[in-house]
Amino acid sequence: MGFAGGNAVGKYQLVKLIGEGAFAKVKLAVDTVSGKYVAIKIIDKRVVVKNNLVLQVQREIRTMRLLNHPNIVKIYEVIGTKTKIYIVMEYVSGGQLSDKLSYAKRLGEDEARKIFQQLIDAVDYCHGRGVYHRDLKPENLLLDNKGNLKVSDFGLSALRKPGDLLSTACGSPCYVAPELVLNNKYDGSAADVWSCGVILFEMLSGSLPFNDPSLLNLYRKICGGRYTFPEWFSESQRKLISRILDPHSRTRITIGEIVEDEWFRTNYKPACGLECDENINLDDVQAAFGGIEESETGIKKPKSSSFINAFQLIAMSHDLDLSGLFKEKDEPEQRRTLGSENTFSETMKKIEAAANDVSLTVERTNNFKMKILPREKKSRCSRSYLNLSAEVIEVAPSHCVIEISKSAGELGFYKQFCNSLSSILAEPEKSSLSSLSQASTGESHVADSAESSPRVKLDENKPVHGYSSS
């Protein structure tokens, strides 16, 4: 079964490419035994390791193996070779819900309600098994040839016991719940319910309830629950959506209450998921990933990840730190974020050059963080007057973010170093990421770049036609 060569993968005959992303290709294939179509996601092991996505891919596969519901995309098997991972999945021919919304603009009430009912059934089933999706949006919702819903892309999902709180901020900005924006611990169930409400609003109106060119303003609207109903929304639709889009997670309507809502129950036909064996066999998953070892790939992985997602990127910017909506910041000039259009190693060298220009020296504390110290080492006491550090985080192969912080010492050293580094980074070509922070004053342009690609994952992680490209 592990054989893969030419136009065949095991018993599957590859037909054509139906999607492609930075980390994977998705091909339509035929099961030569049953004659049925399947979708096969082809992942390059080397790329997965290089981008620290091994755990994410494994999590998605294992999570989907736990789920057996008519409204959730199924994984049939996983095949591994020395260089590739082949994930054989259910083929859903109708495309993404987002595609349908792009040409239909908005759906009729009956169609939108049917899709919403199936979405709630699928999400309720997931929550009952301790799975929280955390990235529900039209791009991750597929439709079959009869218009029935299939939830896909569990790459950002979490598996927790009921009642356990989550802490990782992830998802897509326009669909994310306020508690994630505020970087609080949150109930995964309530966060998924919020996303379902945004999707329902979008299906009925043809537009998002929360949208703004500025990411900061977008999150202000989300946290304040500020949106406007189109005039054609019925009273029952407004009532349900208002209870779902409650910015306070503790008072937000639950799935159990949604199912009892009068508008929701119209023509409702519950879909039942099947129980899966708790001791489900994951041997093929383990075998597929068995060849992923640092020695085989020749890729050296840092002890700690130097990658970030967009929520971390946003949190690093003073202008986009939403805690500033509720409290004032202390010493705003003592933390700064810069962008570098250079590789990780080149960025580290530029930091050392900037320090040297202003009579400072650099001491590495780990693979991606360093202390900036006065060059004169008169005494341990004299050096303690300056506590300046720089951390480099790799966003993409040729894009890094540098976070500079000062907790003690003269402000002059801090400003000189920041100015020197800004000049060096701008020398070959003005960095498109340097506008992340032009100091602690003035509006950051992170919002503009994030708005052009509203996914929380970076462009490299874009999904392929409803099938995760991770």
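Procedures and definitions
Residues numbered from 1 in each chain as written. Predicted model: local features only at pLDDT ≥ 70, side-chain atom pairs only at ≥ 80, totals over all residues. Heavy atoms only, no water. UniProt positions renumbered as here; feature names shortened; annotations may be inferred. Helix = DSSP H or I, 4+ residues; strand = E, 2+ residues; numbered from the N terminus. Buried < 20%, exposed > 50% of the residue type's maximum accessible area, 1.4 Å probe, protein only. Contact = heavy atoms within 4.5 Å. Areas by Shrake-Rupley, 256 points an atom, 1.4 Å probe, with all protein chains shown as cover. Core = buried A, V, L, I, M, F, W, Y, C linked by side-chain atoms within 4.5 Å. Domains from an automatic or database assignment. Phe/Tyr/Trp six-rings, centres within 6.5 Å; stacked < 30°, edge-to-face > 60°. Lys NZ or Arg CZ within 6 Å of the ring centre and 35° of its normal. 1 Å grid on protein atoms, 1.4 Å probe; cavity = no way out; pocket = protein on both sides within 12 Å on 5 of 7 lines; lining within 4 Å. Points joined across faces, edges and corners; volume = space filled by probe spheres on them. Pairing = 2+ DSSP bridges.

- As recorded by an unreviewed UniProt entry, the protein carries the name non-specific serine/threonine protein kinase and is attributed to Kalanchoe fedtschenkoi.
- We quote the UniProt Cofactor (unreviewed entry) comment for the protein here in full: "Mn(2+)".
- According to the UniProt record, the Sequence similarities (unreviewed entry) comment for the protein is "Belongs to the protein kinase superfamily. CAMK Ser/Thr protein kinase family. SNF1 subfamily."

1. Side note on the overall build of the protein
Moving on, step 1. Counting its regular elements, the protein contains 17 helices and 16 strands.
Moving on, step 2. When each of the 470 residues of the protein is scored for burial, the buried share is 51%.
Moving on, step 3. Taking as baseline every contact in the protein between residues at least 6 positions apart, the subset at least 24 positions apart corresponds to 65%.
Moving on, step 4. About 22000 Å² of surface is accessible on the protein, with carbon and sulfur atoms providing 47% of the total.

2. Some points on the nonpolar core
Moving on, step 1. With 79 residues, the main nonpolar core has Leu-97, Phe-116, Leu-119, Val-151, Met-203, Ile-241 and Ile-258 as its most contacted residues.
Moving on, step 2. The two domains that each donate at least three residues to this core are domain 1 (8-90) and domain 2 (95-260).
Moving on, step 3. Phe-344, Leu-360, Ile-404 and Cys-418 belong to the second largest nonpolar core, which has 23 residues in total.

3. Quick word on the packing of aromatic side chains
Moving on, step 1. Summed over the entire model, instances satisfying the criterion amount to ten aromatic pairs.
Moving on, step 2. Put simply, the rings of Trp-194, Phe-201, Phe-210, Tyr-227, Phe-229 and Phe-233 pair up and form one aromatic cluster.
Moving on, step 3. When the ring centre of Trp-232 is taken as origin, the NZ or CZ atom of Arg-106, which lies over that ring, is 4.1 Å away.
Moving on, step 4. Over the face of the ring belonging to Trp-263 we find Arg-113, whose NZ or CZ atom lies 4.8 Å from the ring centre.

4. Overview of empty space enclosed by the protein
Moving on, step 1. Applying the stated criterion across every chain, the model contains three cavities of 30 Å³ or more.
Moving on, step 2. Space inside the largest cavity adds up to approximately 80 Å³.
Moving on, step 3. As for the largest cavity, its lining consists of 13 residues, of which Arg-134, Cys-170, Tyr-175, Val-176 and Ser-195 are closest to the centre.
Moving on, step 4. Ranked by the residues each element gives to the lining of the largest cavity, the list is headed by helix α6 (residues 188-205), at three residues.

5. A closer look at the environment of Gly-130
Moving on, step 1. Along the chain, the position of Gly-130 falls in the loop between α4 (109-128) and β8 (131-132).
Moving on, step 2. It is 5.5 Å that separates the C-alpha atoms of Gly-130 and Lys-161, two residues lying 31 residues apart in sequence.

6. Some details on the pairing of strand β3 (residues 12-20)
Moving on, step 1. As paired strands, strand β2 (residues 8-9) and β3 are joined by two bridges and run antiparallel to one another. Paired with Ala-8 across the strands is Gln-13, a residue of β3.
Moving on, step 2. The hairpin formed by β2 and β3 contains two residues between the paired strands, and Gly-10 there has a positive phi angle of roughly 60 degrees.

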